[in-house]
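Below, each chain spelled out in residue letters.
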Amino acid sequence: MAFLDLRDGSGQMQLWARADEIGAEALAGLTSLDLGDFVGAWGQLARTKRGELSLMVEGWQLLAKSLRPPPDKHAGVRDPETRYRQRYLDLMADEGQRATFVSRSKAISAIRRFLEDRGFVEVETPVLQPIYGGAAARPFVTHHNAISRDLYLRIAPELYLKRCIVGGLDKVFELGRVFRNEGVSAKHNPEFTALETYEAYADYEDVMQMLEQMVAQAATAVTGATSVTRDGVEIDLSPPWRRVPLREAINEATGIDIGQARARDALAGQMQAQGYTAPEGADWAHLVDDLLSQGLEPTLVQPTFLVDYPVELSPFAKRTEADPELVERFEAYVAGMEIANAFTELNDPDDQRARMADLAAARASGDDEAQPEDEDFLIALEHGMPPTGGLGVGIDRLVMILANRPSIREVVLFPALRTS
């Protein structure tokens, strides 16, 4: 007689095989199997003397032969490069890693349900774009042989989704891959999953409330609760989240008032005096962003909305009524990293045209992350776009928080890696 453990994605079952039931030759074949072999078996359920539920084997069949051994049952796959390059070994060896990707699927499903229940329509926009836009990033370039022209992998679906709003689809979202030609880090992968939503007759206040509720619902779907623990700290994702103006938050964290230091050199000097890096070629807006990343972002552990950004940082956001130098924009931070960016969309075509001209000038001056001018998008705005609230969410970072994983590589099945 022989006992074997048979395991698949649903769990484990013990096989109980006896020579007087299946024959000596079949038993010998069964006991000569290697770890990792795929086997099908059939028979009756029974319990052993120890009470373990087992399958009394009446017959079996080899389904696939494993020519290489599986990872060690106890040690698993310890080398990080092997884990990422041969993810199937990582999944094979680590039940927790398999659970991470099940959690990812649950989170995405919960987000889709949440939006559909609110009347949003899921749409698909081009991945290959003649003009890329909607974010500050370098694109990947590809070539279309049949029409003999270069195209770009999208860095964001934003400008196409706004065209849907212009056309009368009042609530739209897209959940899919975007591509940015940048380096890799614990928070960055050149291709990542983003959610973008656009809702007519809404503003950034409405979007804040929607995001709070959506994240709480995703957390409940994944963990059964609206709180998660990360690095030993309990993070409460239930609404409402803290709201604080960007200027006030930076001043509180760094002692630097960006509203008073409106000149590039003045801000750079204050940053250097406080021990922060101020890149030589960065303009004032980029320095504000650098200061946010260096001095403020790591402190934002509990969910926080930073609101009301300088217009220089936000070329597609509507100006606030109280101060035309600020826009109705927020970024959402949890566990020391940004998970979402949103604003009341700019629907004044003249203002948008002027801001795109500024971006074109920045490109001409060497800023290769600046948005190219998109005349067709401007024409769409000139047909009229209702007041609209837009949202972008980094799904990978959200899953990092919900699954308590330290790196984006842990939640992307096949992350980008340097050549081995």
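Preceding block: the structure.
Residues numbered from 1 in each chain as written. Predicted model: local features only at pLDDT ≥ 70, side-chain atom pairs only at ≥ 80, totals over all residues. Heavy atoms only, no water.

Re the environment of Pro126
Inspection of the secondary structure assignment puts Pro126 in the loop between strand 5 (121-122) and strand 6 (128-129). Through-space distance from the C-alpha of Pro126 to that of Pro387 is 24 Å; in sequence the pair is 261 residues apart. Discounting residues that sit within four places of it in the chain, Pro126 has contacts with Arg154 and Tyr160. (Helix = DSSP H or I, 4+ residues; strand = E, 2+ residues; numbered from the N terminus. Contact = heavy atoms within 4.5 Å.)

Topic: the sheet that holds strand 8 (residues 149-153)
What the three strands build is an open sheet, ordered 6-8-7; its pairing is antiparallel. In this open sheet, the two edge strands, each paired with only one partner strand, are strand 6 and strand 7 (141-144). With two bridges connecting them, strand 6 and strand 8 associate as antiparallel partners. Paired with Gln129 across the bridge in strand 8 is Tyr152. (Pairing = 2+ DSSP bridges.)

Things to note about the layout of surface pockets
Here the second largest pocket defines a volume of roughly 1600 Å³. Along the walls of the second largest pocket sit 38 residues, with Arg7, Leu35, Gly36, Pro70 and Met92 positioned nearest its centre. Tallying contributions element by element places strand 1 (residues 2-8) first for the lining of the second largest pocket, with five residues. (1 Å grid on protein atoms, 1.4 Å probe; cavity = no way out; pocket = protein on both sides within 12 Å on 5 of 7 lines; lining within 4 Å. Points joined across faces, edges and corners; volume = space filled by probe spheres on them.)

Observations regarding the environment of Phe343
Along the chain, the position of Phe343 falls in strand 16 (residues 337-344). Given a relative accessible area of 9%, Phe343 falls into the buried group. A C-alpha to C-alpha distance of 6.8 Å links Phe343 and Leu391, two positions 48 residues apart in sequence. Sequence-distant contacts of Phe343, defined by excluding residues within four places in its chain, comprise Glu158, Tyr204, Phe316, Ala317, Glu328, Arg329, Thr388, Gly389 and Gly390. (Buried < 20%, exposed > 50% of the residue type's maximum accessible area, 1.4 Å probe, protein only.)

Quick look at the pattern of salt bridges
Opposite charge on two side chains makes pairing possible when the charged atoms of those side chains draw close. This structure, assessed with the given rule, holds 31 salt bridges. Of the charged contacts in the structure, one is a salt bridge between Asp90 and Arg83, with a shortest N-O distance of 3.2 Å. Residue Asp90 shares its accessibility class with Arg83, and that shared class is buried. For Arg243, the salt bridge is made with Glu212, and the minimal N-O distance between the two is 2.9 Å. In this pair, Arg243 sits in strand 13 (residues 242-245) while Glu212 sits in helix 7 (residues 204-223), placing the two residues 31 residues apart along the sequence. Each member of the salt-bridge network shares a partner with another, and the members are Arg83, Arg87, Asp90, Arg405 and Glu410. (Salt bridge = Lys/Arg side-chain N within 4 Å of Asp/Glu carboxyl O.)

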